[in-house]
Amino acid sequence: MRQLWSPWRMEYIESEKPKGCVLCDAALSPERDEENNVLYRGEHVYVIMNRYPYINGHLMVAPYMHVSRINDLSVEAQAEMMSATSLCVQAIEACMSPDGFNMGMNMGQAAGAGIADHIHMHIVPRWIGDTNFMSVFCESRVICEGLQQTYVKLKPEFERLAQANQ
């Protein structure tokens, strides 16, 4: 028997599912950044926490423009995606001290994209030993910190880094 403690999932299960794109909804609602777990806004892209993370600190960089392919973005937006990805790495390193990162995009449903219509970059911090018996034997992951706690930890660092890079 497997038990996995994930209390924040019930809110999702019981909630009315949005009709549109969750990434567009977050992009178009700057007044709800904390509620949507948006950590940073640039000119072409923004950084949002993954609401159903693989591990603590799992972030995504998404363009404001609703496109499904990276080559549909302007060169400036593509460059800012990489710059924001670097910002994510810096913030996570400062606040969470990971041993490494997995980063990448799943472009298209066949590639595993959960939100196939809106391209986004995943930044997933990794620690030596974070793939323990739960992942290996139970095919389950343990998320050891709530999303809001992680948001509160990362948000000031993003603000500091954004100000330092101006």
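The residue numbers shown here count from 1 along each chain, following its written sequence. Local features in a predicted model are, by the rule used here, given only for residues with pLDDT of at least 70; side-chain atom pairs are given and counted only at 80 or more, and totals for whole chains, interfaces and linings are based on all residues. By convention in this description, side-chain values take in all heavy atoms of the structure and omit both hydrogens and water.

Asker: It is not clear to me how the pairing of strand β3 (residues 59-63) should be interpreted in this structure. Could you clarify?
Answerer: Side-chain direction in a regular strand flips from residue to residue, so the side chains alternate between the two faces of the sheet. The rule is simple: take the accessible area with a 1.4 Å probe, protein chains only, and divide by the maximum for that residue type; under 20% is buried, over 50% is exposed, in between is partly exposed. Here a helix means four or more residues in a row that DSSP labels H or I, a strand means two or more in a row labelled E, and each is numbered from the N terminus. With five of its five residues buried, β3 lies for the most part within the structure. Burial of the side chains of β3 extends over both faces: L59, V61 and P63 are buried on one face and M60 and A62 on the other. Pairing of strand β2 (residues 45-49) with β3, which is carried by five bridges, proceeds in the antiparallel orientation. Residue M49 lies in a different strand from β3, and its bridge partner there is L59. At least two bridges found by DSSP between two strands are what make those strands a pair. As paired strands, β3 and strand β5 (residues 121-126) are joined by three bridges and run antiparallel to one another. Looking at the pairing, V61 lines up with M121 of β5.

Asker: Help me understand the nonpolar core in this model?
Answerer: Side chains of a nonpolar character, in soluble globular proteins, are inclined to be buried together. The criterion is simple. A nonpolar core is a set of buried Ala, Val, Leu, Ile, Met, Phe, Trp, Tyr and Cys residues joined through side-chain atoms within 4.5 Å. Counting residues in hydrophobic clusters, the biggest one holds 26 residues, and the most contacted among them are L39, V47, L59, V61, L154 and F158. Among the elements of the structure, β1 (38-41), β2, β3, α4 (75-96), β5 and α6 (147-164) are those that each provide at least two residues to this core. In terms of residue count, the dominant contributor to this core is α4 (nine residues). Discounting chain neighbours no more than four positions away, the residues touching L39 are V47, M49, L59, Y151, L154, K155 and F158. Within the second largest apolar cluster, 10 residues are counted, among which are C21, V38, I48 and A62. Residues count as neighbours in contact if any of their non-hydrogen atoms are within 4.5 Å of one another.

Asker: Honestly, the packing of aromatic side chains in this entry has me stumped. Any pointers?
Answerer: A ring pair, where both rings are aromatic, is described by two values, the distance of the centres and the angle of the planes. Only centres within 6.5 Å qualify two rings of Phe, Tyr or Trp (six-membered ring in Trp) as a pair; their planes then separate them into stacked at under 30 degrees, edge-to-face at over 60, and tilted for everything else. Counting across every chain of the model gives two aromatic pairs. Here the aromatic rings of Y46 and Y64 are separated by 5.5 Å at their centres, their planes lie at 25 degrees, and the arrangement is stacked. Of this pair, Y46 sits in strand β2 while Y64 sits in the loop between β3 and α4; the two residues are 18 residues apart in sequence, bridging distant segments of the chain.

Asker: Which parts of the structure should I look at to understand the pairing of β1?
Answerer: Two strands pair when backbone bridges link them, and β1 and β2 are joined in this way by three bridges, in the antiparallel orientation. Each bridged residue has a counterpart across the sheet, and for R41 the counterpart in β2 is Y46. Hairpin connection from β1 to β2: three residues lie between these consecutive antiparallel strands.

Asker: Explain the sheet that holds β1 here, please?
Answerer: What holds strands together in a sheet is hydrogen bonding between their backbones, with the strands either parallel or antiparallel. Read across the sheet, five strands follow the order β1-β2-β3-β5-β4 without closing on themselves; strand pairing throughout is antiparallel. Looking along the sheet, the strands with just one partner apiece sit at the ends: β1 and β4 (100-104). Shown here is a sheet whose adjacent strand axes are inclined to one another by a mean of 20 degrees, direction ignored. Relative to the sheet, α4 contacts β1, β2, β3, β4 and β5, its axis offset from that of β5 by approximately 20 degrees. Angles shown run from 0 to 180 degrees and are taken between the N-to-C directions of axes, each axis being a line fitted to C-alpha atoms and, for helices, limited to the stretch in contact. Against the sheet, α6 contacts β1, β2 and β3, and its axis sits at roughly 15 degrees relative to β1.

Asker: What is the right way to read the environment of S29 from this model?
Answerer: With respect to the helices, strands and loops of the structure, S29 is situated in the loop between α2 (22-27) and α3 (33-36). Relative accessible area serves as the criterion here: at 10%, S29 is assigned to the buried category. Once you skip the residues sitting within four places of it in the chain, S29 turns out to touch N36 and R41.

Asker: Even after reading the chapter, I still don't get α6, so can you show me in this structure?
Answerer: Helical periodicity: at 3.6 residues per turn, an α-helix aligns residues three or four positions apart in one direction. Take the number of residues in a helix, subtract one, and multiply by 1.5 Å to get its expected span. Along its 18 residues, α6 runs 26 Å from first to last C-alpha, staying within 8% of the 26 Å computed at 1.5 Å per residue. What the bend at a residue measures is the angle between two axes, fitted to the seven residues ending there and to the seven starting there. Where α6 bends most, the angle comes to about 25 degrees, and this point is L154, followed within four residues by the proline P156. Among the residues making up α6, those that are buried are L147, T150, Y151, L154, K155, E157, F158 and L161. Considering only its buried residues, α6 is in contact with α3, β1, β2, β3 and α4.

Geometry only, nothing functional implied.
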